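Here are the chains, one letter per residue:
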Amino acid sequence: MKRIVLLAGLALLGSMSHAAPETPLFHVKQSPKGYSVEIPKRLLSKDFLLAGRVQTVSSMNNKAKLCAGQRLYDPIWVKLKYEDKQLYILKPDVKNGCDETTHPSFPAYERNAVIPVMEAFPVEQETDSSIVVNWTKFFTEPIEGVDPFNSKTQPGRNIPSLNKILAVNAHGNHLEVSVQYGYEGATAPFLTTIRKSLSLLPEQRMTPRLHDARVGYDFVQNRRFQLASPGIESQNLITRFRLTPAPEDQQKYLRGKKVKPMQPIVFYVDDAFPESWKKAIKEGICEWNKAFEAIGFRDVMVAKTYAEAGKGFDPDAIDVNCFRYVVSDFPNAMGKHWCDPRTGEILQADVLFYSNVISLLQKWYFLQTAAYNPLAREKTLPESVMKRLIRYAAAHEVGHCLGLEHNFRASYAYATEDLRRPDFAAEYGTTASIMDYARFNYVAQPGDRVTEVFPPYLGVYDYYAIRVGYAYLPKEKAETITQWVDEKQQDPMYLYGRMNPSVVPVDPSVQNSDIGNDPVASSTYGIRNLQRIITELPRWNKGANNPFEGMPADYKDLQSYYFSYMERVIPLIGGLYSFEERRRNEERKTVPVAGKESERAVDFLLDELLDGYRFLTSEAVQQYAGNQTETLVKQQKQVLDKILSSIVLEHIAQTQAQTGFTYARLLDKVSNRLFAVKDADVLTRNLQQNYLIRLNELLDSKTPTYYDVLLLPVVVDHLTEIKKELELTPDLWTNYLKLKIK
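Residues numbered from 1 in each chain as written. Predicted model: local features only at pLDDT ≥ 70, side-chain atom pairs only at ≥ 80, totals over all residues. Heavy atoms only, no water.

1. Quick notes on the sheet that holds strand S6 (residues 96–97)
- Strand order across the open sheet formed by three strands is S6-S14-S15, with mixed pairing between neighbours. With partners counted over all chains shown, the strands left at the sheet margins are S6 and strand S15 (231–234), one partner each.
- Direction of pairing for strand S14 (residues 223–226) relative to S15: antiparallel, over a ladder of four bridges. Residue Arg223 lies in a different strand from S15, and its bridge partner there is Ser234. (Pairing = 2+ DSSP bridges. Helix = DSSP H or I, 4+ residues; strand = E, 2+ residues; numbered from the N terminus.)

Next comes the structure, spelled out in C-alpha cells:
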C-alpha cells in the first residue's frame, strides 16, 4: 500500500477558517532535477490533510464520469516525520485513538497502533531550521485513495510522457500542485489535470459536537480506547463549519444579541453561470442566513462571484468554497465538503451544478403541477419560476455543504389533505425541510386554488437542525444538545428519516420524492393530475402532432411517474415505521403499519394494475405514443414483484401477529382479484402468469430466509387452491396456467 494514502491528490484545507500567515509555510524551487520543497522543521509532527480534485478533463465520458472541480475521495490525514536523513509521510488512524498517553498501560496500546509509513523521501539538504526534499515523483505519480484517477478509475493506459507538473504554488498554510496526466483510452485519448493539495490542519482544534442520529448530519467516526477503566468509547462527530462569535462579542451573543461570526462562510459563484442564474444562486446560498439569525448569528453566509473575489482568485485552492458550473447533458447537482477528521470541522465545500439540471427541475415542475398550474405548462418557463427552481436547488445543495444529510421523513410531517389548502401550502410548502427530496405539490387539485407549489425556502426542520449543529455553547455539553432534540421528538415536523438503499423503501414514511402522510391518498391525487395532463395536453399544446412536442416532459416520463406513484404505496404492506435512536448504532424503534392500512394499500395497487392504467393506452394516446403493451407489461411486473419482494415479506413476518395482516391475507387478496377477471386481456394474463412465476421463485429460492418456515407453507397451500380453482373452468388459458404451478 505504498501510495494508497499519500501526499498525492491533496486538496484539503488547513487554514480555511483561520488567518493564514503572510509568508507561505513551504518554499518551492524548480531545477533540472525537478521540484524541491523546503519544509520548516517546526512542521514535523504537525497534522496535515492531503487531497485531490479534478481541474480539467478532455471529456466527461470517462470511466468514473468525473468532471472539472469534482473529487472522488475524502482527504487523508497525514503527518511528516524526519529521521535518519529520511522524510516519512505517516498516515494516522482517523477512526481510532487513545488520549491517555501518561497512563501506565499506554505502551500496550501503542504497540498495536504504530502509525504506518506511506512514503519515504531522502533529504537533500538540512539546516538548523529546515529540510529540503525532492517531491517531483511524489507529485506526478497517482496516489491510490487520493487521486481521482487511479488504477481503478483511470480511463485507459497511462502515457508517462504526457505526465508533467504544470504548476506548484505555496501560499498560506498549504501547497497547491497541478499535474497533467495523459491516457490512451479505449476509443479516444484522454487528458486531465489534477489539483493536489497539502494543507496544515488547525493547531487549535474546533470543539467537536457529538452526533445525535435523530438529526440528519454527516459525521466522522471516532473511537477512543480508555485505559483507566478499560473500554472503548464510540462517539461520532458531526461535520460543521467552525462558527463562533468574536471574543469581544461573546457576552452580547449570550445575552441574546445578534452578532457576526468571527469567520463567515463565503461561497464563490462561478462566473461561467448564465447571468440570470447568478442572482438566484446567491439567494439560495444566503437563504441559510435566516436559520443562522434564529440562533443569534447574522451575515454568516456570504456569496460572491469569482470576479468579485479579485484578481488571481484560484477556485481550486484548498481554502475556498465554490459553487461551480458544469456544462453537461447530465442533469445533476451535488454539494460536498471536506473536513478535519479529528473534529468534524468543515474546512472546504463545493457545489457542482450541472447545466442540464434545469431540464430536470422543469420536468418535475410540469409533471407534478401542470394539471392545475398554468405556469408549468409553458414551454419556456417565466424567468421568475426559473429563478425559484434554481434558488431551491442551490439552497438544497448548500445544505449538504453545511453538513446536513437528506431528511426523507420531512414530507411525511404534513397531512396529505393539508397540501390541498392554499393557506397551508403558502405557509409551509410541500415539506418540513429543504433537505428532503419532496419536490413540488402533486397532491393539490384543479379547483383547490393552491398557487404556492414549491418546497419551502427553508422548512421548520432546517431551522431546528441548524440550531442543533451550530448554536454556540461556551462549554460544549452533549446533554444540552440531547435535551434540544428530546423536546422535539413528539412533533413530526422535527423528525429525521435516513433512507437506506433498498428495492422497496424499508419505511413508508421515509421515501424519495413523496409528499404527504397518506401514501395512498397522495398517489391517488398524483395520478388524477397525470390523467388531467394526458386529457388536456392537446388543448394546451395546440397544433402539435404529438401533444408532448416541445413540452418539458414526454409521454414516457409521464408513464414512469404513474408507476412511481404506485410504488410509493408498496412499503405500507405489512410495513414498519422506523425511528432513529440517539446513537447511530442503537437499534431503531419500530411501529407496525395498521393492518387496515396494508389492506387499503393492496386494494389501491390492484385497482391500478387491473384498471387504473387505461388512461395511458387510450386510442388518442396510441396515435402519438404507439402501442404500449410491452412497456406496460414490464412496468406492471415490476410492481407485482415488489409487492412480493423480500422486504415486504420480511416485514409481514415481523408484524402479522400484531396487525392481523398475514401472508395468507396478502396472497388471497391478490389472487382473488387477478383470477376473478373473466376474458382477461393480454395485460391481465401477464399479471396472472407473473404472479405464479413469482410464487414459484419463492419456493425455489437459493437463499433461504428465516421467515421461510412461515411463508412457504402458505405459498404451497395457496398454489394448491389456485390450481383447484383453475380446474373448475378448463380452457386453453387456464390449462396453461396450471402448468405454471409447481
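2. Points about the sheet that holds strand S20 (residues 333–339)
- Across the sheet, which stays open at both edges, the five strands sit in the order S18-S17-S19-S21-S20 with mixed pairing between neighbours. Either end of the sheet is taken by a strand with one partner, and the two such strands are strand S18 (301–305) and S20. Across the sheet, the mean angle separating the axes of adjacent strands is 20 degrees when strand polarity is ignored.
- Sheet topology places strand S17 (residues 265–269) next to S18; five bridges connect them, and they run parallel. By the bridge assignment, Tyr268 is partnered in S18 with Lys304.
- Packing of helix H4 (residues 275–286) onto the sheet brings it into contact with S17, S18, strand S19 (321–326) and strand S21 (346–354), and relative to S18 it is tilted by some 160 degrees.
- Across the face of the sheet, helix H8 (residues 383–401) comes into contact with S17, S18, S19, S20 and S21 while running at roughly 150 degrees to S21. (Axes fitted to C-alpha atoms, helices over the stretch in contact; angles between N-to-C directions. Contact = heavy atoms within 4.5 Å.)

3. Some thoughts on the nonpolar core
- Formed by 161 residues in total, the largest nonpolar core has its most connected members in Trp288, Phe292, Ile573 and Tyr691.
- If you tally residues by element for this core, the top one is H8, at ten residues.
- Excluding residues within four positions of it along the chain, Ile573 makes contact with Ser598, Ala601, Val602, Leu605, Ile643, Val648, Ile652, Phe661 and Leu666.
- The next biggest cluster of nonpolar side chains, apart from the first, holds 38 residues, and it includes Leu80, Val123, Ile131 and Tyr183. (Core = buried A, V, L, I, M, F, W, Y, C linked by side-chain atoms within 4.5 Å. Buried < 20%, exposed > 50% of the residue type's maximum accessible area, 1.4 Å probe, protein only.)

4. Notes on the pattern of salt bridges
- Throughout the structure, instances matching the rule amount to 51 salt bridges.
- Ionic pairing is found between Glu308 and Lys282, a salt bridge with its closest N-O pair at 3.1 Å. Here Glu308, found in helix H6 (residues 306–309), pairs with Lys282, found in helix H4; they are 26 residues apart in sequence, far enough to count as distant.
- With a closest N to O distance of 2.5 Å, Glu287 and Lys290 form a salt bridge.
- What makes Glu287 buried here is its relative accessible area of 2%.
- Residue Lys290 is classed as partly exposed on the basis of its relative accessible area, which comes to 39%.
- Ionic contacts of the salt-bridge type, sharing partners, join the residues Asp47, Lys79, Arg205, Asp340 and Arg342 into one network. (Salt bridge = Lys/Arg side-chain N within 4 Å of Asp/Glu carboxyl O.)

5. A word on helix H18 (residues 663–674)
- In this model, H18 (twelve residues) spans 17 Å end to end at C-alpha, consistent with the 16 Å of a helix rising 1.5 Å per residue.
- Every buried residue belonging to H18 is among Tyr663, Leu666, Leu667, Lys669, Val670, Ser671 and Leu674, and all of these are buried.
- Packed against the buried residues of H18 are helix H14 (595–610), helix H16 (629–643), helix H17 (646–659), helix H19 (682–699) and helix H20 (708–727). (Expected span 1.5 Å × (residues − 1).)

6. Regarding the environment of Asp708
- Its place among the elements puts Asp708 in helix H20.
- When the C-alpha positions of Asp708 and Glu176 are compared, they lie 58 Å apart, and in sequence the two are 532 residues distant.
- For Asp708, the side chain forms a polar contact with the side chain of Thr705, separated by 2.8 Å. (Polar contact = N/O pair within 3.5 Å; in protein donor to acceptor, adjacent residues only side chain to side chain.)

7. Thoughts on the packing of aromatic side chains
- Under the counting rule described, the total for this entry stands at 45 aromatic pairs.
- On the basis of an interplanar angle of 45 degrees and a centroid distance of 6.1 Å, the ring pair of Phe26 and Phe48 is categorised as tilted. One end of the pair, Phe26, is in the segment before strand S1 (27–31); the other, Phe48, is in strand S3 (residues 47–57), with 22 residues separating them in the sequence.
- With relative accessibility at 0%, the residue Phe48 sits in the buried group.
- Measuring from ring centre to ring centre gives 5.5 Å for Trp135 and Phe138, while their planes differ by 50 degrees; the resulting arrangement is tilted.
- The class for Trp135 is buried, based on a relative accessible area of 0%. (Phe/Tyr/Trp six-rings, centres within 6.5 Å; stacked < 30°, edge-to-face > 60°.)

8. Looking at the side chain of Ser433
- Relative to the elements of secondary structure, Ser433 occurs in the loop between helix H9 (422–428) and helix H10 (460–470).
- According to the relative accessible area criterion, Ser433 is buried, its value standing at 0%.
- In this structure the side chain of Ser433 is engaged in a polar contact, spanning 2.6 Å, whose partner is the side chain of Asp462.

9. Quick word on unusual backbone geometry
- Positive phi is not limited to glycine here, since Ser45 has a value of about 80 degrees.
- Topologically, Ser45 is positioned in the loop between strand S2 (34–40) and S3.
- Positioned with a positive phi, Ser513 is a non-glycine residue whose angle comes to about 65 degrees.
- Along the chain, Ser513 turns up in the loop between helix H11 (478–486) and helix H12 (519–540).

10. A short note on the pairing of S2
- The buried fraction of S2 is high, at six of seven residues.
- Pairing of S1 with S2, which is carried by five bridges, proceeds in the antiparallel orientation. By the bridge assignment for S2, Ser31 is matched with Gly34.
- Between the end of S1 and the start of S2, which pair antiparallel, lie two residues.
- In the sheet, S2 pairs with strand S8 (residues 130–134) via five bridges, with the strands oriented antiparallel. Residue pairing in the sheet places Ile39 in a bridge with Ile131 of S8.

11. Some points on the packing of helix H7 (residues 357–369) against H12
- At a minimum axis distance of 8 Å, the contact between H7 and H12 shows a crossing angle of 95 degrees. As far as their axial angle goes, H12 and H7 are roughly perpendicular. Here H7 contributes Phe366, Leu367 and Gln368 to the contact with H12, which in turn contributes Asn529, Leu530, Ile533 and Leu537.
- Taken together, the residues of the contact of H7 with H12 break down into five nonpolar, two polar and no charged. (Parallel < 35°, antiparallel > 145°, perpendicular 65-115°, else oblique. Nonpolar A, V, L, I, M, F, W, Y, C, P; charged D, E, K, R; others polar.)

12. A short note on the packing of H19 against helix H21 (residues 732–739)
- H21 packs onto H19 with a crossing angle of 20 degrees between their chain directions and a minimal axis gap of 10 Å. The orientation of H19 relative to H21 falls into the category roughly parallel. Here the hand of the crossing between H19 and H21 comes out right-handed. Taking contact as the criterion, the partners of Arg685, Gln688, Gln689 and Leu692 in H19 are, on H21, Trp733, Tyr736 and Leu737. (Left-handed = near helix turned anticlockwise from the far one by under 90°.)

13. Some words on H7
- Look at H7: 18 Å from first C-alpha to last across 13 residues, which is about the 18 Å you get at 1.5 Å a residue.
- Every buried residue belonging to H7 is among Val357, Ile358, Leu361, Gln362, Trp364, Tyr365, Phe366, Leu367, Gln368 and Thr369, and all of these are buried.
- Looking at the packing, one finds that the buried side of H7 touches H4, S20, S21, H8, H12 and helix H13 (555–567).

14. Focus: the side chain of Lys669
- Structurally, Lys669 is set in helix H18.
- A relative accessible area of 10% means that Lys669 is categorised as buried.
- Dropping the residues within four chain positions of it, Lys669 is found in contact with Glu599, Val602, Asp603, Leu606 and Phe661.

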